[in-house]
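# Summary of structural features
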Amino acid sequence: MTPRRLRVAPGSPFQLLLLACSFALAAYAGIRLLAGDWFAVALWIVGAALLHDLVLVPLYAAADRAVIHGLAAAGQRAWTPYVRVPAALSALLLLVWFPLISGRSAERYRLATGLSPDGFLTRWLLIAAVLFGGSAALLALRVRRAAKQRPPAPH
Amino acid sequence: MRDQDRLPTSPGFWRSPLRGPWFTSVLGLVLLVGITVLFVTGLVSYAAYNPGLSPVNDTTPDKGLLGFYLFAWPTDPVWLYRLTQGVHVTLGITLIPVLLAKLWSVVPRLFALPPARSVAHALERISLLLLVGGGLFEFTTGVLNIQLDYVFPGSFYPLHFYGAWVFFAAFVAHAVLKTPTALRTVRRRLRDEPEEGVEPAADTLVSPRPDRPTVSRRGAFGLVGGGSLLLFLTTVGQSLGGPFRRTALLAPHGTADPNGGPNGFQINKTAAYAGITAADTHEDAWRLVVTGRTGTVRLSRAQLLQLPLHSSSLPIACVEGWSTADQWWRGVRLRDLAALVGHDGDPPDVLVESLQRHGAFRRAALRANQVADPRTLLALYVNGEELSPDHGHPARVIVPAAPGVLNTKWVGRLTFGAL
């Protein structure tokens with residue numbers, strides 16, 4: 001442990017100057033960004049950081065840990081990537097395209113673009129099915145190969 | 001578990017053996033390049049609207065110095081905006097997994113104690129809030145806007161534009177402070193020298209009591225890259241158009257074209273959405289009002305068809321990143337219409353007004369260079385057929401290389417030289 005400082009250290013002058021310039025520009029743009037509904041915009045920016053760091057990260061970290069521990073309890077720790085990869089990729093697609101997949105903006109989408117908003121959920125489910133299916137097939141192949149390489153049990 | 005490791009403020013709380021300077025440096029350098037391209041293409045798109053030309057084009061009238069670089073948007077090459085905006089949106093979507101992985105890799109830093117070692121360090125941490133919050137704000141508003149989910153607090157253009165500058169201010173400071181370290185880490189690793197800071201230490205992100213690995217670093221990079229590739233492959237087709245549109249399985253303007261036939265290409269806003277009815281555009285009711293130096297001329301569609309008709313092959317490219325291949329438009333040159341009202345040879349800027357009663361861009365200004373381009377048309381036909389209501393019947397403007405929304409549909413009035 002470093003001994004508690006009695007006075008506040010200023011830090012590198014270069015870093016101070018750089019950050020001062022950065023804040024000046026951020027403030028210049030920020031005043032304009034907050035010109036409308038300033039509270040809601042500030043809430044969105046701070047909320048985005050907090051939601052990500054304090055909700056999203058713990059949530060997917062916990063889900064990942066549950067998968068690892070679940071498979072370890074079943075004695076199949078090596079199967080982890082075969083669950084993790086398709087789950088992560090499917091979740092990523094859902095996160096990015098959530099408004100279309102969930103149909104949140106379906107009516108506006110149909111009216112504005114003249115396209116059907118109905119296919120997104122189906123296509124996402126199909127992609128997830130292909131990812132999980134492909135992963136399962138790879139795992140099955142691996143398990144079979146491992147079984148073949150094992151010497152036959154003596155009778 | 002030691003008691004102190006129950007808290008995220010303790011380095012021992014963070015167990016992943018993946019975290020470390022190498023992982024963070026590689027992701028950081030990818031974002032350094034990627035976000036720079038996003039920022040530049042974003043500024044280019046902002047300029048493409050010609051916001052300096054007329055208040056009707058300008059959703060950010062208080063931009064001040066932030067519009068320092070604005071320039072007259074060119075009409076060549078015709079695919080210019082298709083390319084820059086396609087890159088902006090597709091790259092933004094592709095970078096999402098990299099951004100998430102980068103944030104994951106440094107999340108222990110959020111909780112690190114002491115909160116500040118110096119004034120500079122305290123300011124840097126405040127700057128990081130702008131970096132992370134601003135970055136997530138930019139990505140989120142962009143992703144929501146292209147899906148027409150307008151839940152963000154205000155109009156997209158000013159939010160995304162000013163938000164980009166706030167984010168970029170923090171991004172530049174962060175890049176200046178961290179890029180040398182990232183480059184050193186990567187260079188050392190590529191030369192096979194021992195990695196600096198593999199020893200767990202407060203500021204290296206390396207866990208002091210790592211879990212057993214469940215994936216190698218290479219595997220983790222593979223997952224991030226695979227996520228990017230998957231997003232890219234299911235999105236890029238909406239910007240390439242043609243047979244590739246089918247491959248954009250989840251993108252808003254992927255998989256299908258509306259209806260079929262000559263008018264069967266992507267629509268930004270349908271006639272129904274814009275509130276245009278058959279009564280507005282009926283042969284007997286609709287007149288094009290053209291005003292210029294010598295006064296005002298009112299033209300029916302039949303009279304327009306008596307003027308010399310010209311063809312040009314031009315794409316539609318939307319700010320939302322999707323675009324169409326070139327369509328074959330036929331109609332009257334805008335510069336010929338300017339000549340009708342006294343602007344011979346040297347056409348001026350024009351204000352184009354739609355029959356639309358609402359909508360942010362129901363009025364749009366085009367610059368003299370756009371009016372003068374012989375490929376700029378008031379189109380009456382597309383791909384050999386009359387325009388459909390959704391594509392702007394009875395007449396629409398089509399300008400080479402301009403953002404889609406400046407190609408005004410259901411045109412009612414053209415005012416030359418009055419901006």
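Because the structure is a prediction, the values reported are computed rather than measured.

Calculation criteria
- Residues numbered from 1 in each chain as written.
- Chains lettered and ligands numbered in written order.
- Predicted model: local features only at pLDDT ≥ 70, side-chain atom pairs only at ≥ 80, totals over all residues.
- Heavy atoms only, no water.
- Helix = DSSP H or I, 4+ residues; strand = E, 2+ residues; numbered from the N terminus.
- Buried < 20%, exposed > 50% of the residue type's maximum accessible area, 1.4 Å probe, protein only.
- Contact = heavy atoms within 4.5 Å.
- Domains from an automatic or database assignment.
- Buried area = accessible area lost by both parts, 1.4 Å probe.
- Salt bridge = Lys/Arg side-chain N within 4 Å of Asp/Glu carboxyl O.
- Polar contact = N/O pair within 3.5 Å; in protein donor to acceptor, adjacent residues only side chain to side chain.
- Phe/Tyr/Trp six-rings, centres within 6.5 Å; stacked < 30°, edge-to-face > 60°.
- Lys NZ or Arg CZ within 6 Å of the ring centre and 35° of its normal.
- UniProt positions renumbered as here; feature names shortened; annotations may be inferred.
- Pairing = 2+ DSSP bridges.
- Axes fitted to C-alpha atoms, helices over the stretch in contact; angles between N-to-C directions.

### Comments concerning the environment of S25(B)
Residue and element names in this part refer to chain B. Its place among the elements puts S25 in helix α1 (residues 21-48). Residue S25 is classed as buried on the basis of its relative accessible area, which comes to 8%. Distance in space between the C-alpha atoms of S25 and T185 is 6.9 Å, their sequence separation being 160 residues. With near-sequence residues (within four places) excluded, S25 lies in contact with A182, T185 and V186.

### Description of the domain arrangement of chain B
Residue and element names in this part refer to chain B. One can read the domain layout of chain B as domain 1 (3-233) and domain 2 (271-416). Relative placement of domain 1 and domain 2: their C-alpha centres are 40 Å apart. Listed as interface residues are 28 residues of domain 1 and, on the opposing side, 29 residues of domain 2. A combined buried area of about 2,400 Å² lies between domain 1 and domain 2, and 59% of that area is made up of carbon and sulfur atoms. When the buried area of domain 1 at its contact with domain 2 is split by residue, T75, V78 and R82 rank highest and sum to 27% of it. Counting the contacts that link domain 1 with domain 2 gives one salt bridge. A salt bridge links R375 to D76; the nearest nitrogen and oxygen atoms lie 3.2 Å apart. Summed over the shared surface of domain 1 and domain 2, the number is 12 residue pairs in polar contact (both at pLDDT 80 or more). The element best represented in the side of domain 1 that touches domain 2 is helix α2 (residues 80-105), accounting for six residues.

### Things to note about the domain arrangement of chain A
All names here are of chain A. The domains assigned to chain A are domain 1 (35-75) and domain 2 (78-149). On a C-alpha basis, the centres of domain 1 and domain 2 stand 20 Å from each other. Contact residues are listed per partner, giving four residues for domain 1 and four residues for domain 2. Of the roughly 410 Å² buried at the junction of domain 1 and domain 2 (both faces included), carbon and sulfur atoms supply 72%. A per-residue breakdown of the area domain 1 buries against domain 2 is headed by D64, V67 and L71, which together make up 71% of the total. Between the two partners, domain 1 and domain 2, sit one salt bridge.

### Things to note about the pattern of salt bridges
Residue and element names in this part refer to chain B. One pass over the full model with this rule turns up 13 salt bridges over all chains. Between R375 and D373 there is a salt bridge whose closest N-O contact spans 2.8 Å. Look at R375 and you get partly exposed, because its relative accessible area is 24%. The class for D373 is buried, based on a relative accessible area of 8%.

### Looking at the packing of aromatic side chains
When we look at a pair of aromatic rings, we describe it by the centre distance and by the angle of the planes. Under the defined criterion, the tally for this structure stands at 24 aromatic pairs over all chains. Here F13(B) and W14(B) contribute two aromatic rings whose centre-to-centre distance is 4.9 Å and whose plane-to-plane angle is 80°, an arrangement assigned as edge-to-face. Ring centres of F39(B) and F168(B) lie 3.6 Å apart, and the angle between their planes is 5°; this geometry places the pair in the stacked category. Of this pair, F39(B) sits in helix α1 while F168(B) is found in helix α5 (residues 156-190), placing the two residues 129 residues apart along the sequence. Residues F39(B) and F168(B) agree in their burial class; the two are buried. The positively charged end of R123(A) is found above the aromatic ring belonging to F120(A), 4.8 Å away from the centroid. A cation over a ring is seen here: R301(B) above Y381(B), with NZ or CZ 5.6 Å from the ring centre.

### As for the UniProt feature "transmembrane region" (unreviewed entry) in chain A
Residue and element names in this part refer to chain A. Annotation from UniProt places "transmembrane region" (unreviewed entry) at residues 39-61, 82-101 and 121-141. Counted over residues 82-101, helix gives 95% and strand 0%. Its end C-alpha atoms are 24 Å apart. Annotated as residues 121-141, this span is 100% helix and 0% strand, and its ends, taken at the C-alpha atoms, are 30 Å apart.

### As for the sheet that holds strand β1 (residues 288-292) of chain B
All names here are of chain B. Across the sheet, which stays open at both edges, the five strands sit in the order β2-β1-β10-β5-β6 with mixed pairing between neighbours. Here the strands that pair on one side only, and so sit at the sheet edges, are β2 (295-299) and β6 (363-366). In this sheet, adjacent strand axes meet at a mean angle of 15° when their direction is disregarded. When strand β5 (residues 350-354) meets strand β10 (residues 411-416), the two strands line up antiparallel, connected through five bridges. Directly across from S354, in β10, lies its bridge partner V411.

### Digging into unusual backbone geometry
Residue and element names in this part refer to chain B. Here L113 and P114 are connected by a cis peptide whose omega angle stands at -5°. P394 follows H393 through a cis peptide bond whose omega is 10°. With respect to the element layout, P394 can be found in the loop between β8 (385-386) and β9 (396-398). A positive phi is found at L148, a non-glycine position, where the angle reads about 60°.

### Some words on the side chain of T90(B)
Residues and elements named next belong to chain B. Here T90 shows up in helix α2. On the basis of relative accessibility, which here comes to 7%, the residue T90 falls in the buried class. In contact with T90, other than residues within four places in its own chain, are F232, V236 and S239.

### Quick word on the UniProt feature "transmembrane region" (unreviewed entry) in chain B
Annotation from UniProt places "transmembrane region" (unreviewed entry) at residues 21-49, 87-107, 128-147, 159-177 and 219-240 of chain B. Structurally, residues 87-107 of chain B is divided into 95% helix and 0% strand, and its ends, taken at the C-alpha atoms, are 29 Å apart.

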